[in-house]
Amino acid sequence: MKKLITAFLLTALVCLFVCSSMAAETVTVGGDMTIAKAIEALGGKGGTIVISEPTSSARGFTLPEQEGDVIFTGAELTVGGPISIGKNTNNNTVTFDMPLKVKSGTVRMFGGFNSVKFTEKFTVSGDLEFYGGVNTVRAGAAGCTDIPAWTEENKTCVTELPYSITVDGGTFSVFEGGNF
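These notes cover the structure that comes with them.

Quick notes on the rules
- Residues numbered from 1 in each chain as written.
- Predicted model: local features only at pLDDT ≥ 70, side-chain atom pairs only at ≥ 80, totals over all residues.
- Heavy atoms only, no water.
- Helix = DSSP H or I, 4+ residues; strand = E, 2+ residues; numbered from the N terminus.
- Buried < 20%, exposed > 50% of the residue type's maximum accessible area, 1.4 Å probe, protein only.
- Pairing = 2+ DSSP bridges.
- Axes fitted to C-alpha atoms, helices over the stretch in contact; angles between N-to-C directions.
- Core = buried A, V, L, I, M, F, W, Y, C linked by side-chain atoms within 4.5 Å.
- Contact = heavy atoms within 4.5 Å.
- 1 Å grid on protein atoms, 1.4 Å probe; cavity = no way out; pocket = protein on both sides within 12 Å on 5 of 7 lines; lining within 4 Å.
- Points joined across faces, edges and corners; volume = space filled by probe spheres on them.
- Nonpolar A, V, L, I, M, F, W, Y, C, P; charged D, E, K, R; others polar.
- Phe/Tyr/Trp six-rings, centres within 6.5 Å; stacked < 30°, edge-to-face > 60°.
- Salt bridge = Lys/Arg side-chain N within 4 Å of Asp/Glu carboxyl O.

**As for unusual backbone geometry**
Residue asparagine 91 is not a glycine yet carries a positive backbone phi of 60°. Checked against the element boundaries, asparagine 91 lands in the loop between strand 7 (83-85) and strand 8 (93-97). The partly exposed category is assigned to asparagine 91, whose relative accessible area is 49%.

**What to know about the sheet that holds strand 1 (residues 25-29)**
Strands sit in the order 1-2-5-8-10-12 across an open sheet of six strands; the sheet is parallel. Bordering the open sheet on either side are strand 1 and strand 12 (165-167), each of which pairs with just one other strand. Between one strand and the next, the sheet's axes are offset by a mean angle of 10°, whatever the strand orientation. Summarising the sheet, strand 8 and strand 10 (residues 115-118) pair through four bridges and their orientation is parallel. Within the sheet, the bridge partner assigned to threonine 95 lies in strand 10 and is lysine 117.

**Structural notes on the nonpolar core**
If you look at the biggest cluster of nonpolar residues, it comprises 31 residues, and the most contacted ones within it are Phe72, Phe96, Leu100 and Leu128. With sequence-adjacent residues up to four places away left out, leucine 100 is seen in contact with Leu77, Val79, Ile83, Met109, Phe122, Thr123, Val124, Ser125 and Leu128.

**Section: empty space enclosed by the protein**
Tallied over the full model, the rule gives one cavity of 30 Å³ or more. What the largest cavity holds in volume is close to 50 Å³. In terms of lining, the largest cavity is formed by Leu63, Pro64, Glu65, Gln66, Gly68, Val70, Ile85, Gly86, Asn92, Val94 and Asn114. Its residues assigned to classes, the lining of the largest cavity shows five nonpolar, five polar and one charged.

**Notes on the packing of aromatic side chains**
Note on aromatic pairs: each is described by the distance of the centres and the angle between the planes. Throughout the structure, instances matching the rule amount to 13 aromatic pairs. Each ring, one from phenylalanine 118 and one from phenylalanine 172, has its centre 5.1 Å from the other, and the planes form 65°; the classification is edge-to-face. Taken together, the residues phenylalanine 118 in strand 10 and phenylalanine 172 in the loop between strand 12 and strand 13 (174-176) connect sequence positions 54 residues apart. We classify phenylalanine 118 as buried; its relative accessible area is 0%.

**What to know about the pattern of salt bridges**
Taken as a whole and judged by the stated rule, the model has three salt bridges. One salt bridge connects arginine 108 with glutamate 129, and the closest N-O pair in it is separated by 2.9 Å. You can see arginine 108 sitting in strand 9 (residues 100-110) and its partner glutamate 129 sitting in strand 11 (residues 124-131), a full 21 residues away along the chain. Given a relative accessible area of 31%, arginine 108 falls into the partly exposed group. Residue class for glutamate 129 comes out buried when judged on its relative accessible area of 11%. Salt-bridge contacts for lysine 117 lead to aspartate 168; the nearest nitrogen and oxygen are separated by 3.7 Å. Linking lysine 117 in strand 10 with aspartate 168 in the loop between strand 12 and strand 13, this pair joins segments that are 51 residues apart in sequence. Lysine 117 sits in the partly exposed class, given a relative accessible area of 31%.

**Concerning the pairing of strand 11**
With seven bridges joining them, strand 9 and strand 11 adopt parallel strand pairing. Note that in strand 11 the partner of methionine 109 across the bridge is phenylalanine 130. Where strand 11 and strand 13 come together, three bridges link them in parallel fashion. Note that in strand 13 the partner of phenylalanine 130 across the bridge is phenylalanine 175.

Quick look at the structure:
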C-alpha cells in the first residue's frame, strides 16, 4: 500500500510539473516591467500580457513568433513606433484587447501572417495603419526584393498558411490584409 501511495504521489507531482510548464504565462506590465521585458518573459511560449496601468513604448515593439497564442489586455498602451509580430509558421492568434494610442505621426502594425483579433475593447487614438503581412521595405534590406518572382531570398515576404483577421473594434487609417 505504501508503494502504491508513493507511486501515486510521484505521478501526481510529475503531472503537476508538466501541466504547469505547459500553461500559458501571464505577465503584468507596470512599474519596471515594460512591454519589451514582458515579451521576453513569455520565453516564446505565448501567454497573456496584462497592462496594469497606462504604459508607453516609445519605439514600438516586436513580438517574436510564439509557440502559443498571445493576448495583450488591460490599460491603454501608447506607442511611438511600429508594432511587428514575428512571421507565422504555426497558426497562432494574437489578440489585442486594450486601447492603443499613437504618440505622434503614423504607427504601422504588421501582423506577420498571424491570425490577429482586435476585440471590442480595442480602440485607437491617433493614426494607425495595419498590414496583415510584413514590411517588405524593411525586408528588402534583407534580400526580399522582387516580390512577384519567387526566389528563395523573398520567402520571408509570402506565406502559404491561412490566417484570419477579426475586427470587433478600432479605427484604422489604413487596413490591408497583405504586405506594406
